[in-house]
Amino acid sequence: MCTQEGFQAQRSRLVGLLISGSLEGFENVLDWLLSWEVLSWEDYESLSLLGQPLSLLARRLLDTVWSKGAWGGEQLIAAIQEAQADGKTPELCGRWDPHSPHPARELQSHRPAIIRRLYGHVEGVLGLAREQGFISQYECDGIRLPIFTSSQRARRLLDLATVKANGLAAFLLQSALELPVPTALPFEAATCKKYMSKLRTTVAAQSRYLSTYDGAENLCLEDVYTENILEARTDVSAAGPPQESPAALGLEELFTTHDHLNDAADTVLVVGEAGSGKSTLLQRLHFLWAVGRDFQEFLFVFPFSCRQLQCLAKPLSLWTLLFEHCCWPDVGQQEVFRFLLDHPERVLLTFDGFDEFRFRFSDHERHCSPTDPTSVQNLLFNLLQGNLLKDARKVLTSRPEAVSALLRRYVRAELSLKGFSEDGIELYMRKHHREPGVADCLLRLLRATSTLHGLCHLPVFSWIVSKCHRELLQHGGGSLKTTTDMYLLILQHFLLHASPPDTASHGLGPSFLRGRLPTLLRLGCLALRGLGTCCYVFSAKQLQAAQVDPEDVSLGFLVPVKSQGVSGASAPLEFLHITFQCFFAAFYLVLSADMPPTSLRHLFDCRGPGSSPLARLLPMLCIQGSECKEGGLAALLQKAEPHNLQITAAFLAGLLSREHRGLLAECQASGKALLRRHACARWCLARSLRQHFHSIPSAVPGEAKSLHAMPRFLWLIQSLYEMQEERLAREAVRGLSVGHLKLTFCGVGPIECAALAFVLRHLRRPVALQLDHNSVGDIGVEQLLPCLGVCKALYLRDNNISDRGICKLIEHALPCEQLQKLALFNNKLTDDCAHSMAKLLACKRNFLALRLGNNRISAVGAAVLAEGLRSNSSLQFLGFWGNRVGDEGAQALAEALGSHQSLKWLSLVGNNIGSMGAQALALMLERNVVLEELCLEENHLQDEGVGSLAEGLKRNSSLKVLKLSNNCITYLGAEALLQALERNNTILEVWLRGNAFSPEEAEELSHRDTRLLL
């Protein structure tokens, strides 16, 4: 039996079931309910409105069914079960009477079976009905709309028969009976099974291997794939208790996250910086599906690359996209396509590299026809919006900068790819180097050189270290600090690999580089022109225009494009990675004889897509082999991707650094030209930073001046770091006068931490540095150590930091007089860091705030920390919420704080504290004379614990706010508090929300004392 109360209790689960599939599944449930007369025709019409979100329709259905009593709830559950079983049997039971005196009623009673019988035959039945005059051409066209699946067309035809009294219902009863009984489910048909097999084989072939640079070796993805840190985006602005750090997800959880931004959307967005492993993650997804190990809820997976899609100039339809540009069905194209349209929930489409798609997302032009051609960008945008293949899952990868607020409106879930953890770096090296001792030597080298270790946080740098392991083990990695250093290292590796063996011992010397300079400049010219035109895939014609010959290609920086139908010498090529294209473009800008030094000033003035720096730069360039009219190429560059240009500018700054300038000067006929370029870039970089700092609004009276850093600021800092000039860094921040520097959600990892420390350590005034919600990690903490001396506060919330990183941070923080506040909540801290924390509290006499919420500290750690508190006389704020201290930990902290002379705010929210802990805290309240706010929500105090606290309140004269929400307190506990409040005039608020009060009790209590907040 299903009571109405039980039905309401299952509401969330039922909504989940109704929206878990597609609109097709929801309409199937409606078919059963209509056939059983649970729903009236008016109910059905109100639940069949086009364009309404599925979640809204599901909730409306539950409201409608609930109003019909317990019987309605039972029938809904039965209908859901029937709909779930419906897809597992080819034919539904039931026989209808074609000569029924009430054909419309008969049609409704057998609706699910008739719809199944009509599947695949709607077009023929429509034609007969039109010939016999039952329906008009206008009605036919309405049913044939391309937005409807075959089953939906059958439903529209039955709906029309219900309201027409001209014999259409009787005609449909007879016609459906004469149709052949389906002998197999659609996807079990031979044509669909054959296509599924071909698609799996194709995708498996494309995803099984990672090709090496020289094409002589293929690495099996299964052998070398290493998990990346993948986290779901959370809404930090949401009200409620403090949120825990988002848990790391496995790839298999890509579609199971419950943190939906939009339940009605179909697209999962995966964002990550360049080189963070987005493409490899998708390749792993494709492989797992193709070999049948995961994602088997999808029968069809169609992988696409955005950089390849944008090369399609001709209009194309959904048919063309799936079949001609992914995998062609050898037989039964119409049947396969119809199944894809009818069962979109069994389809997955992946689009890699949306940041490399030169068209900006727009939802202005609606396109719903799967067979009519349109532009490639309009086709993609409508797929992402759900106007095409609604309910098919889509995965879109992109760098964060390319994702607009408009696009996020159509995103179901957003996940962030944050690079390798330390364990991930180790696993990667061991998978790539199985020779005895090699991985161990590499890992020792990385741990000894923290900057190099920090670079390996990004998979692309781990790949470079792995490729160049012989050079690194022979010469060490201590001199490698910047991304430019790393790319010059891999450049040397590739060049030496393509050279005679006797040159390998000389390394990347001036004479060796000079001999390869023409090749490098040709590749640089191609790279620069590609960036300017948002072109990342190069045809043979484009290679010829840039004078890139087969010998240049043989170096290995250009590789054949995957998943293209063309192979052999005519196959299009792409750079190994977008960062390689940016590096070669920067190399060209530095060493090309056609480059006026003063033109570099435009490169450090990236203002947005409409004001591309290279668009102003390239009119002064002479692009080799270009047949464009004067200014034509510059006009194309107006749509260049700003982030790619910023990467290029950072490489340019690195190439012009003192360390590399000497090497490059030997390659030029005139060393003075390189010096002029360096001087110009240096001046422009410092000027851009000063302008950025001067644009900061004045401080609000009474508050410190604050800078909420934008991506441009971080890019300028990184460019400064690439140039590695201490004097320039000192000059650049001379004019920066802010009290608070905020870089939350800025994608700050170890590489960015090194750049920030390099620049910020030259600040003249102390600053509060806020790095919440980034990817700092233990390695990044190590990179920040040089600038601790100028930090008065450091906020590192939600940064995947462990005990090792914090212990090292505290070790260096002890002598830093300026540092007074640490916020470390939502990390991975345990009892192992408690001794360091206690030492910090005991030794730093001016320390004000320590926030350790949502970590993994138990009673053992709390007891150790309490020892530090006994020796402390300055701390004002202690945040311990969301840990595991329990009663024992609360007792230890309470004993230490009884005589504390400065603490004003203490939070022990969500720490499993019971009555014993409450007794200890009550004794603390009796003795403490400075504490103003005590937060104890989300514990297990109950009436006994509250009674103890009430006794403590009677003897306390400092506490102003006591928070006791969600503690299973009844009216008895509230009565004890009221008695205490009669004797306490200091306290202003007692929070009691979420406890066990009836509405009447809550109202009475709030009237008895307005300080009780219920």
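Computed from a predicted structure; not experimentally measured. Throughout, residues of each chain are indexed from 1 in the direction in which the sequence is written. The predicted nature of this model means local features are confined to residues of pLDDT at least 70 and side-chain atom pairs, given and counted, to a pLDDT of 80 or more, with totals for whole chains, interfaces and linings taken over all residues. Computation of side-chain values covers all heavy atoms of the structure but excludes hydrogens and water.

**Here we look at the overall build of the chain**
- Along the backbone of the chain there are 47 helices and 23 strands.
- Taking all 1014 residues of the chain together, 57% fall into the buried category.
- The contact criterion used throughout is that any non-hydrogen atoms of two residues lie within 4.5 Å. By sequence separation, contacts in the chain at least 24 residues apart represent 78% of the contacts at least 6 residues apart.
- Surface accessibility in these figures is a Shrake-Rupley result with a 1.4 Å probe; residues are shielded only by whichever protein chains are displayed. Carbon and sulfur atoms make up 52% of the accessible area of the chain, which amounts to about 41400 Å² in all. In this description a helix means any DSSP run of H or I spanning at least four residues, a strand means any run of E spanning at least two, and both kinds are numbered starting from the N terminus. For the exposure calls, accessible area comes from a 1.4 Å probe over protein chains only, and a residue counts as buried if that area is under 20% of its type's maximum, exposed if over 50%, partly exposed in between.

**Notes on the side chain of His 457**
- Considering the arrangement of structural elements, one finds His 457 in the loop between helix H23 (450-455) and helix H24 (459-467).
- Of the residues examined, His 457 reaches a relative accessible area of 9% and is grouped as buried.
- If near-sequence neighbours (up to four positions away) are discounted, His 457 is found in contact with Lys 418, Gly 419, Phe 420, Ile 425, Gly 749, Pro 750 and Ser 775.

**What about the pairing of strand E7 (residues 347-352)?**
- Burial runs high along E7: six of the six residues are buried.
- Neither face of E7 is open: one carries Val 347, Leu 349 and Phe 351, the other Leu 348, Thr 350 and Asp 352, and all of them are buried.
- Between any two strands, at least two bridges found by DSSP are needed for them to pair. Note: strand E6 (residues 300-305) against E7, six bridges, orientation parallel. Paired with Phe 304 across the two strands is Phe 351, which belongs to E7.

**Focus on the nonpolar core**
- Counting 196 residues, the largest nonpolar core has Tyr 487, Leu 652, Leu 743, Leu 796, Met 837 and Leu 964 as the members making the most contacts within it.
- Broken down by element, the residue count for this core peaks at 12 residues, all from helix H30 (residues 578-591).
- In contact with Tyr 487, other than residues within four places in its own chain, are Val 460, Phe 461, Ile 464, Thr 579, Phe 580, Phe 583 and Phe 651. In these notes, a set of buried Ala, Val, Leu, Ile, Met, Phe, Trp, Tyr and Cys residues joined through side-chain atoms within 4.5 Å is what counts as a nonpolar core.

**A word on the sheet that holds E6**
- One open sheet holds the seven strands; their spatial order is E4-E3-E9-E5-E8-E7-E6, and the pairing between them is mixed. Bordering the open sheet on either side are strand E4 (248-249) and E6, each of which pairs with just one other strand.
- In this description, a line fitted to the C-alpha atoms serves as the axis of each element, helices being fitted only across the stretch in contact, and the angle between N-to-C directions of two axes falls anywhere from 0 to 180 degrees. Packed on one face of the sheet, helix H19 (residues 376-385) meets strand E5 (267-271), E7 and strand E8 (393-398) and runs near 125° to E7.

**Comments concerning the packing of aromatic side chains**
- Stacked, edge-to-face and tilted are the three classes for Phe, Tyr and Trp ring pairs, Trp counted by its six-membered ring, which pair at centre distances within 6.5 Å; planes under 30 degrees apart are stacked, over 60 edge-to-face, the rest tilted. Summed over all chains, the structure comprises 39 aromatic pairs.
- Look at Phe 538 and Phe 575: their rings are 5.9 Å apart centre to centre, the planes differ by 85°, and that puts the pair in the edge-to-face class. Here the residue Phe 538 occupies a position in the loop between helix H27 (510-532) and helix H28 (540-545), and Phe 575 occupies one in strand E11 (residues 573-575), the gap between them amounting to 37 residues. Just as Phe 538 is buried, Phe 575 falls in that class too.
- Ring geometry for Phe 575 and Phe 584: centres 5.9 Å apart, planes at 35°, overall tilted.

**Considering the confidence of the model for the chain**
- The predictor rates its confidence in each residue with pLDDT, a number between 0 and 100. Overall, the prediction assigns the chain a mean pLDDT of 86, with 88% of residues at 70 or greater.
- Confidence drops under pLDDT 50 across residues 606-636; counting only partners more than four residues distant or on other chains, this segment forms 68 contacts.

**Some words on the pattern of salt bridges**
- Salt bridges are defined by distance alone: a side-chain nitrogen of Lys or Arg within 4 Å of a carboxyl oxygen of Asp or Glu. Following the criterion strictly, the structure yields 40 salt bridges and no others.
- Between Lys 68 and Asp 43 there is a salt bridge, and its shortest N-O distance comes to 3.1 Å. On the criterion of sequence distance, the pair formed by Lys 68 in the loop between helix H5 (54-66) and helix H6 (70-86) and Asp 43 in helix H4 (residues 41-46) is long-range, its members being 25 residues apart.
- Look at Lys 68 and you get partly exposed, because its relative accessible area is 32%.
- Across the pair Glu 422 and Arg 804 runs a salt bridge, and its minimum N-O distance is 2.5 Å. Of this pair, Glu 422 sits in helix H21 (residues 422-432) while Arg 804 sits in helix H40 (residues 803-813), and the two are 382 residues apart along the sequence.
- Overall, Arg 804 belongs to the partly exposed group, its relative accessible area being 37%.

**With respect to H24**
- The buried fraction of H24 is high, at eight of nine residues.
- Along H24, the positions that sit buried rather than exposed are Pro 459, Val 460, Phe 461, Ser 462, Ile 464, Val 465, Ser 466 and Lys 467.

**What to know about the environment of Ser 688**
- With respect to the helices and strands, the residue Ser 688 is situated in helix H35 (residues 671-694).
- On the basis of relative accessible area, Ser 688 is assigned to the buried category, the value being 4%.
- In the structure, Ser 688 is positioned 44 residues away from Ala 732 in sequence and 9.0 Å away in space, judged by C-alpha atoms.

**Some details on the state of the cysteines**
- Our working definition of a disulfide is a cysteine sulfur pair at a distance within 2.5 Å. Enumeration according to the criterion identifies zero disulfides in this entry.
- Sulfur of Cys 311: no disulfide; nearest cysteine sulfur belongs to Cys 535 and is 5.6 Å away.
- Accessibility expressed as a relative area gives 42% for Cys 311, which makes it partly exposed.
- Unpaired in terms of disulfides, Cys 534 finds its nearest cysteine sulfur in Cys 535, a separation of 9.1 Å.
- Judged by relative accessible area, which is 4%, Cys 534 ranks as buried.

**Quick look at the packing of H35 against helix H36 (residues 711-723)**
- Running from N to C, H35 and H36 point in directions that differ by 145°, and their axes come no closer than 10 Å. Considering the relative orientation of H35 and H36, their crossing is left-handed. Between H35 and H36, the contacting residues are His 678, Ala 681, Arg 682, Leu 685, Ser 688, Leu 689, His 692 and Phe 693 on the first element and Arg 712, Phe 713, Leu 716, Ile 717, Ser 719, Leu 720 and Met 723 on the second.
- Classification convention: Asp, Glu, Lys, Arg as charged; Ala, Val, Leu, Ile, Met, Phe, Trp, Tyr, Cys, Pro as nonpolar; all other residues, Gly among them, as polar. Considered class by class, the residues forming the contact of H35 with H36 number nine nonpolar, four polar and two charged. Crossing handedness follows the turn of the near helix against the far one: under a right angle anticlockwise gives a left-handed crossing, and clockwise gives a right-handed one.

**Re a nonpolar patch on the surface**
- Taken together, the side chains of Leu 50, Leu 145 and Ile 147 define a hydrophobic patch exposed on the protein surface, amounting to about 260 Å² of accessible area.
- Along the chain, the position of Leu 50 falls in the loop between H4 and H5. Like-charged residues are merged into a patch within 9 Å and nonpolar side chains (Val, Leu, Ile, Met, Phe, Trp, Tyr) within 5 Å, provided each residue has over 30% relative accessible area and no salt bridge.

**Points about the environment of Ser 279**
- As for its placement among the helices and strands, Ser 279 is situated in helix H15 (residues 278-290).
- Assessed through its relative accessible area of 42%, Ser 279 is described here as partly exposed.
- Between the C-alpha atoms of Ser 279 and Phe 351, which are 72 residues apart in sequence, the distance is 9.6 Å.
- Separated by 2.5 Å, the side chains of Ser 279 and Asp 352 make a polar contact. Polar contact criterion, stated in full: a pair of N or O atoms within 3.5 Å, where within protein one must be able to donate a hydrogen and the other to accept it, and residues adjacent in sequence count only if both atoms are side-chain atoms.

**Notes on unusual backbone geometry**
- Even without being a glycine, Glu 37 presents a positive backbone phi close to 65°.
- Looking at where Glu 37 falls in the secondary structure, it is placed in the loop between helix H3 (23-35) and H4.
- Non-glycine residue Asn 826 carries a positive phi angle of around 60°.
- Tracing the backbone through its elements, the reader meets Asn 826 in the loop between strand E16 (821-823) and helix H41 (834-843).

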